[in-house]
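Spelled out, the chains give:
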Amino acid sequence: MAKVTMLNMAGAEAGTIELKDEIFGIEPNANAVHAVVVNYLANQRQGTQSAKTRGEVRGGGRKPFRQKGTGRHRQGSTTDPSQVGGGIAFAPKPRSYRYSVPKKVKRLALKSVLSAKVADKEIIVLDELKFDAPKTKEMIKVLENVKAAKKALIITAEKDENVIRSAANIPGVKTALVGTMNVYEIVNHTSFIVTKEAIEKIEEVYL
């Protein structure tokens, strides 16, 4: 088991915590991570793009000019894709880009990125993270104390409005719960900040 030093909100050491190798100590699987990240980004696409085909463009009722004698190419309709104002060849239409990835692959990818964060020493474990009221300045101070990177993902075990609202206006900082964290967000943020309670819940859910 990997041992990680826990910090308090002031940035001082607050003991150590053992992370289970089954979740935080596996050999990262790059293929699984790539598959899940691509799937996540595809599922975020709205798929609302649309263009008109030659059958939907207005006009084209008659032949624009005679077949021979003009020195121009033969043209039967103004709606042809080769004409200015004509339709689009293979025009995109609204569709869903959603598809699913096997649960085993998702789980492997999540364990892979968590293990990578531990191996790269980009994980910061806090003994607790609590505020009496939403205070952006207090959150910035905590991030400075624990030497977090500009892009940081904060994971908590339970929903805490004070924590969420304190981090909401800080560029590059995002909060998530154990149940809502995803591979893309973990990869996309340099520092992975997690509370002791959240670590225990992660090990309970994904072991």
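Rules of the game
Each residue is numbered by its place in its chain's sequence as written, counting from 1. Local features in this predicted model are restricted to residues whose pLDDT is 70 or higher, and side-chain atom pairs enter the listing and the counts only when it is 80 or higher, whereas totals over whole chains, interfaces and linings include all residues. The basis for every side-chain value is the complete set of heavy atoms in the structure, and neither hydrogens nor water enter the calculation. Runs of E in the DSSP output that reach at least two residues are strands. Runs of H or I that reach at least four are helices, and both are numbered from the N terminus. Here's how the labels work: a residue is buried when its accessible area is under 20% of the maximum for its type, exposed when over 50%, partly exposed in between, all with a 1.4 Å probe on protein chains only. Any N or O atom pair separated by 3.5 Å or less is treated as a polar contact, with the protein-specific requirement of one donor-capable and one acceptor-capable atom, and with residues adjacent in sequence counted only for side-chain atom pairs. Note on contacts: a residue pair is in contact if any heavy atoms of the two residues lie within 4.5 Å. For a helix, the expected span equals 1.5 Å multiplied by the residue count minus one. Whether two strands pair comes down to DSSP finding at least two bridges between them. We call a crossover right-handed when, viewed with both strands directed away from the observer, the connection leading from the first strand over the helix to the second proceeds clockwise. Think of a salt bridge as a Lys or Arg side-chain nitrogen and an Asp or Glu carboxyl oxygen that are within 4 Å of each other.

Peer 1: When you look at unusual backbone geometry in this model, what are you seeing that I'm missing?
Peer 2: With the exception of glycine, the majority of residues adopt a negative phi angle, and the majority of peptide bonds are in the trans configuration. Although it is not a glycine, Phe90 adopts a positive phi angle of roughly 55 degrees. Assignment of secondary structure puts Phe90 in the loop between α2 (30-44) and α3 (103-119).

Peer 1: Would you mind going over the side chain of Ser77 with me for this structure?
Peer 2: The topology assignment puts Ser77 in the loop between α2 and α3. Under the relative-accessibility criterion, Ser77 is labelled buried at 9%. A distance of 2.8 Å separates polar atoms of two side chains, one belonging to Ser77 and the other to Thr79. Not counting residues within four places of it along the chain, the set of residues in contact with Ser77 comprises Arg54, Gly60, Pro64 and Gln83.

Peer 1: Help me understand α3, please; the structure alone is not making it clear to me.
Peer 2: Along an α-helix, residues three or four apart share an orientation, since each turn contains 3.6 residues. With 17 residues, α3 ought to run about 24 Å at 1.5 Å a step, and its terminal C-alpha atoms sit 24 Å apart, in line with that. All of the buried residues along α3 are Ala109, Leu110, Lys111, Ser112, Val113, Leu114, Ser115, Lys117 and Val118. Lys121 sits one or two positions beyond α3 and adopts a positive phi of about 55 degrees.

Peer 1: I keep staring at the pairing of strand β4 (residues 152-156) and nothing clicks. Help me out?
Peer 2: Successive residues of a regular strand alternate their side chains across the two faces of the sheet. Of all 5 residues in β4, 5 are buried; the element is thus mostly enclosed. In β4, alternate side chains face the same way, and those of Ala152, Ile154 and Thr156 on one face and Leu153 and Ile155 on the other are all buried. Pairing of β4 with strand β5 (residues 173-177) involves 5 bridges; the strand directions are parallel. Looking at the pairing, Thr156 lines up with Leu177 of β5. After leaving β4, the chain enters helix α5 (residues 161-167) and then returns to the sheet as β5, a path that is right-handed. Here 4 bridges tie β4 to strand β6 (residues 191-195), and the two strands are oriented parallel to one another. Bridge pairing in β6 places Leu153 opposite Phe192.

Peer 1: What is the right way to read the pattern of salt bridges from this model?
Peer 2: A side chain of one charge can pair with a side chain of the opposite charge if their charged atoms are brought near each other. Counted by the stated rule, this structure contains 6 salt bridges. With a closest N to O distance of 3.0 Å, Glu122 and Lys117 form a salt bridge. Residue Glu122 is classed as partly exposed on the basis of its relative accessible area of 25%. The buried category is assigned to Lys117, whose relative accessible area is 6%. As a salt-bridge pair, Glu185 and Lys174 come within 2.8 Å of each other at their nearest N and O atoms. Residue Glu185 is located in helix α6 (residues 183-188), and its partner Lys174 is located in strand β5; the two are separated by 11 residues in the primary sequence. Looking at Glu185, the relative accessible area reads 9%, which means it is buried. Assessed through its relative accessible area of 38%, Lys174 is described here as partly exposed.

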